[in-house]
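Structural features, examined
Each chain, written out:
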Amino acid sequence: MKLNPYYTPRELRALGFRALGRSVLVSRTCRVYTPETISLGSHVLIDDFTILNGDITVGDHVHISSNCELYAGEASITIGDYSGISSRCAFYATSDDFSGASLNNPTVPRAFRYEKNLPVTLGRHVLIGTGSTVLPGVTIGEGCAFGSMTLIAKSTEPWGIYVGVPARRLRERERGLLELEKKLNDPTGR
């Protein structure tokens, strides 16, 4: 007997997502915390060993590769349509204060901690290279692409190619993929 590595549509519905589109594949090894706060669009693929925690909205035609971590905390994470997240990426809409002015980690009562909770938003057609990290409060403009191991600590302008720690813009990204999107969505197939 062959085991299906993905949840069936019935199993996904039973998990209790806030919203669930068509043709969604989520690996059985993906950890989904608080599914009632997570919305998945249509044609979504989420690979092995990924963690989804908090208020997360994933658009249509999105791939989240293996070993990714999305921690929304008390904020939110939004991933736009046609975006791709490579393996081992981390998204933090929440972070402890590392200045020493407060205690850290979830074992300490809230009265003694300070957390930064700011939404993370990815526009449409965003690509994030393997091993990259996105920090609280970042808005990534439409069409941006990030090389491997990029630290995205500040919001970015649309249609740029970024690399580095911290991220720096190398050049403009081509927009030919917008025509391909139109063809994909054209019911006549033209």
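Overview of the structure. (Residues numbered from 1 in each chain as written. Predicted model: local features only at pLDDT ≥ 70, side-chain atom pairs only at ≥ 80, totals over all residues. Heavy atoms only, no water.)

**Quick notes on the packing of aromatic side chains**
- Evaluated as defined, the whole model comprises 2 aromatic pairs.
- Judged by centre distance (5.6 Å) and plane angle (20°), the rings of Tyr71 and Tyr92 are stacked. Of this pair, Tyr71 sits in strand β9 (residues 69–71) while Tyr92 sits in strand β12 (residues 90–92); the two residues are 21 residues apart in sequence, bridging distant segments of the chain.
- Note on Tyr71: relative accessible area 22%, which makes it partly exposed.
- Exposure remark for Tyr92: the relative accessible area of 28% places this residue in the partly exposed category.
- Note on Phe146 and Tyr162: the rings are 5.2 Å apart at their centroids and 20° apart in plane angle, and the pair reads as stacked. One end of the pair, Phe146, is in strand β19 (residues 145–146); the other, Tyr162, is in strand β21 (residues 160–163), and 16 residues separate them in sequence.
- A relative accessible area of 5% places Phe146 in the buried class.
- Look at Tyr162 and you get buried, because its relative accessible area is 6%. (Phe/Tyr/Trp six-rings, centres within 6.5 Å; stacked < 30°, edge-to-face > 60°. Helix = DSSP H or I, 4+ residues; strand = E, 2+ residues; numbered from the N terminus. Buried < 20%, exposed > 50% of the residue type's maximum accessible area, 1.4 Å probe, protein only.)

**Focus on the side chain of Ser83**
- Counting through the fold element by element, Ser83 comes out in the loop between β10 (77–79) and β11 (84–85).
- Within the structure, Ser83 has its side chain in polar contact with the backbone oxygen of Gly80 (distance 3.0 Å).
- If sequence neighbours within four positions are ignored, Ser83 has contacts with His61, Val62, His63, Gly123, Arg124, His125 and Val126. (Polar contact = N/O pair within 3.5 Å; in protein donor to acceptor, adjacent residues only side chain to side chain. Contact = heavy atoms within 4.5 Å.)

**Topic: unusual backbone geometry**
- In this structure, Pro166 follows Val165 across a cis peptide bond, with omega equal to -5°.
- The phi angle at Ser23 is positive, at roughly 55°, despite the residue not being glycine.
- Under the relative-accessibility criterion, Ser23 is labelled exposed at 51%.
- Phi is positive for Thr34, close to 50°, though the residue is something other than glycine.

**Things to note about the pairing of β21**
- In terms of strand pairing, β19 meets β21 through 2 bridges, oriented parallel. Residue pairing in the sheet places Ala145 in a bridge with Ile161 of β21.
- Examined bridge by bridge, β21 and strand β22 (residues 168–172) share 4 bridges and lie antiparallel to one another. Of the residues in β22, the one forming a bridge with Ile161 is Arg171.
- With antiparallel pairing between neighbouring strands as the criterion, β21 and β22 make up a hairpin whose turn holds 4 residues, including Gly164 at a positive phi of roughly 105°. (Pairing = 2+ DSSP bridges.)

**Observations concerning the environment of Cys89**
- Along the polypeptide, Cys89 turns up in the loop between β11 and β12.
- Overall, the relative accessible area of 1% leaves Cys89 in the buried class.
- Leaving out residues up to four positions away in the same chain, Cys89 has contacts with Asn67, Cys68, Glu69, Ile128, Gly129, Thr130, Gly131 and Ser132.

**Digging into the state of the cysteines**
- Under the counting rule described, the total for this entry stands at 0 disulfides.
- Considering cysteine sulfurs only, Cys89 is the nearest to Cys68, which forms no disulfide, with 4.9 Å between them.
- No disulfide involves Cys144; its sulfur sits 15 Å from the nearest other cysteine sulfur, which is in Cys89.
- The class for Cys144 is buried, based on a relative accessible area of 0%. (Disulfide = S-S within 2.5 Å.)

**A closer look at the side chain of Ser65**
- When you line up the elements, Ser65 lands in the loop between β8 (62–64) and β9.
- Beyond its immediate sequence surroundings of up to four residues, Ser65 is in contact with Asp47, Thr50, Ile85, Ser86 and Ser87.

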